[in-house]
Every structure is written in C-alpha cells, then in structure tokens.
Amino acid sequence: MKVILQQDVSGKGKRGQLVEVAEGYARNYLLPRKLAVLATADAVNTMQLRDKAKKAEDARLKAEAEAVSAKLKNSPVKVTARAGANGKLFGAVTSKEVSDALKEQHGIELAKQKIVMEEPIKAYGNYELKAKLGFEVSGTIYVMVVEEK
C-alpha cells in the first residue's frame, strides 16, 4: 500500500515522502496515528505542489544568501573600542557588536549566531570573520577595530 508520510517515521522515511508499506502496518499504525495519509491522486498532487513550492523558496533564500555574501565583501565594518595603555582591549569585540555595526553602517541585517569567531577580538587591528549564511553559502566580513575617541 502506498502512503504519504506526514511526519518522519524511523525505518520508513521522512515527512512528505511517498513510501510503500504493508497494508496492515498502514491501516493499524500509520493511518490511525495520522503519521501518513493514503496516496490518492489528489494527495500525490498536493505533495508535488508542496515540493515545488519548497524548492522555489529554497532557491529564493539561497539567492538572498549569495547577495548578502557579495555585499559583505564590499562592506568593511569599523568597530570602536576602548583599550589600555598597551593596546589590549577592555573586554572583547563580540559577534553582536559586529552584527550591530553591520546593520548601522551598511544596512545589512545578519544574526550574531551566523558570525563565526574562532577566538574573541582583544586588540586593535584588521580582522576577517566568516559568516555562515545558510545553504552552504558563506561570506567574509572585514572588521577594523579602532580606538574610541
């Protein structure tokens, strides 16, 4: 019997997949628990329309991520910070500060969780940070930490 899974079922498949299962398993387990629906022509058509819409949405989001990546290359960020006599910062420059500076200086909204910092920035200078934008797209953020006046 062919059914379309409504939720992930271990050993059978993922949500939205069309799978062949035993009649008893479908009638006694999957259908009563609403884990699957019968694969009627109407249900199969609906599943295909959902897949098509999901692919279009994913393509749109990937294009947006690539556009943000291109903007980041041409948008160096200047972050001001206070430091002691030897040039060591009081505290550190965090990904939130970089995210806020990006939004303020260039109008690019980027969540702080997407900015990858191997170690905190604790001195003046120029830094390159990676940004994971999703859909296997990453960008580079050029950060310049300068003295606060």
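Up top is the structure.
One numbering rule holds for all chains: residues counted from 1, following each sequence as written. pLDDT decides what is reported in this predicted model: residues at 70 or higher carry local features, side-chain atom pairs at 80 or more are listed and counted, and totals for whole chains, interfaces and linings draw on all residues regardless. Water and hydrogen atoms play no part in the side-chain values, which are based on all heavy atoms of the structure.

Going along the chain from the N terminus, every DSSP run of H or I of four or more residues is numbered as a helix, and every run of E of two or more is numbered as a strand. Check the secondary structure of the protein and you find three helices and nine strands. In the protein, the succession of α and β elements from N to C terminus is β-β-α-β-α-β-β-α-β-β-β-β. Taking 2.2 N^0.38 as the reference for a compact globule, 149 residues should give roughly 15 Å; the C-alpha atoms of the protein span a radius of gyration of 25 Å, well beyond that estimate. Seen along its three principal axes, the alpha-carbon backbone of the protein occupies a region of about 75 × 25 × 20 Å. Relative accessibility decides the category of a residue: with a 1.4 Å probe and only protein chains considered, values under 20% of the type maximum give buried, values over 50% give exposed, and everything between is partly exposed. A buried classification covers 27% of the 149 residues belonging to the protein. Radius of gyration: over C-alpha atoms. The globule rule applied is 2.2 Å multiplied by the number of residues raised to the 0.38 power.

Attention now goes to the nonpolar core. Nonpolar core, defined: a set of buried Ala, Val, Leu, Ile, Met, Phe, Trp, Tyr and Cys residues in which side-chain atoms within 4.5 Å join the residues together. Within the largest apolar cluster, 21 residues are counted, with the highest numbers of intra-cluster contacts made by Leu110 and Ile141. The set of elements that each furnish at least two residues to this core consists of helix H2 (41–73), strand E4 (77–81), strand E5 (88–93), helix H3 (95–106), strand E8 (125–134) and strand E9 (137–147). At four residues, E9 tops the list of elements feeding residues into this core. We call two residues in contact when some of their heavy atoms are within 4.5 Å. Ignoring anything within four residues of it in the chain, the contact list for leucine 110 reads Leu72, Ser99, Leu102, Ile115, Ala131, Leu133 and Ile141.

Attention now goes to the sheet that holds E8. To summarise the sheet geometry, strands pair through backbone hydrogen bonds and adopt either a parallel or an antiparallel arrangement. Taken in spatial order, the four strands make up an open sheet running E4-E9-E8-E6, and their pairing is mixed. With partners counted over all chains shown, the strands left at the sheet margins are E4 and strand E6 (115–116), one partner each. Here E4 pairs with E9 via five bridges, running parallel. By the bridge assignment for E9, valine 79 is matched with valine 145. Along the sheet face, H3 touches E4, E6, E8 and E9 and points at about 125° away from the line of E4. Two strands are said to pair when DSSP picks up at least two bridges between them. In this description, a line fitted to the C-alpha atoms serves as the axis of each element, helices being fitted only across the stretch in contact, and the angle between N-to-C directions of two axes falls anywhere from 0 to 180 degrees.

For the rest of this paragraph, the subject is the packing of aromatic side chains. Aromatic pairing here means that ring centres of Phe, Tyr or Trp (its six-membered ring) are within 6.5 Å. Orientation follows from the plane angle: under 30 degrees is stacked, over 60 is edge-to-face, and everything else is tilted. All told, the structure shown has one aromatic pair when counted by the stated rule. Between tyrosine 25 and tyrosine 29 the ring centres are 5.4 Å apart and the planes differ by 20°, which places this aromatic pair in the stacked class. Residue tyrosine 25 and its partner tyrosine 29 are both found in helix H1 (residues 23–30); the two are separated by four residues, about one turn of the helix.

Reported here for the largest pocket is a volume of approximately 270 Å³. Elements with a minimum of two residues in the lining of the largest pocket: strand E1 (2–5) and H2. Ranked by residue count, the leading element in the lining of the largest pocket is H2, at six residues. Classification used: nonpolar for Ala, Val, Leu, Ile, Met, Phe, Trp, Tyr, Cys and Pro, charged for Asp, Glu, Lys and Arg, polar for all others including Gly. The residue inventory of the lining of the largest pocket, partitioned by class, reads five nonpolar, three polar and four charged. A pocket here means an open set of points on a 1 Å grid, computed over the protein atoms alone, that has protein on both sides within 12 Å along at least five of seven lines. A cavity is instead a set of points where a 1.4 Å probe fits but cannot get out; residues with an atom within 4 Å of a point line either one. Grid points are joined across faces, edges and corners, and a volume is the space filled by probe spheres set on the points.

Residue placement: serine 75 occurs in the loop between H2 and E4. Exposure remark for serine 75: the relative accessible area of 8% places this residue in the buried category. A distance of 2.6 Å separates the side chain of serine 75 from the backbone oxygen of lysine 71, its partner in a polar contact. When sequence neighbours within four positions are dropped, the list of residues in contact with serine 75 reads His106, Ile108 and Tyr142. Nitrogen and oxygen atoms within 3.5 Å of one another constitute a polar contact, given that in protein one can donate a hydrogen and the other can accept it, and given that sequence-neighbouring residues count only through two side-chain atoms.

This part takes up the pattern of salt bridges. One speaks of a salt bridge when a side-chain nitrogen belonging to Lys or Arg is within 4 Å of a carboxyl oxygen belonging to Asp or Glu. All chains considered together, the criterion is met by five salt bridges. A salt bridge links lysine 96 to aspartate 100; the shortest N-O distance between them is 3.3 Å. Remark: aspartate 100 and lysine 96 occur in helix H3; sequence separation between them is four residues, near one turn of the helix. We classify aspartate 100 as partly exposed; its relative accessible area is 40%.

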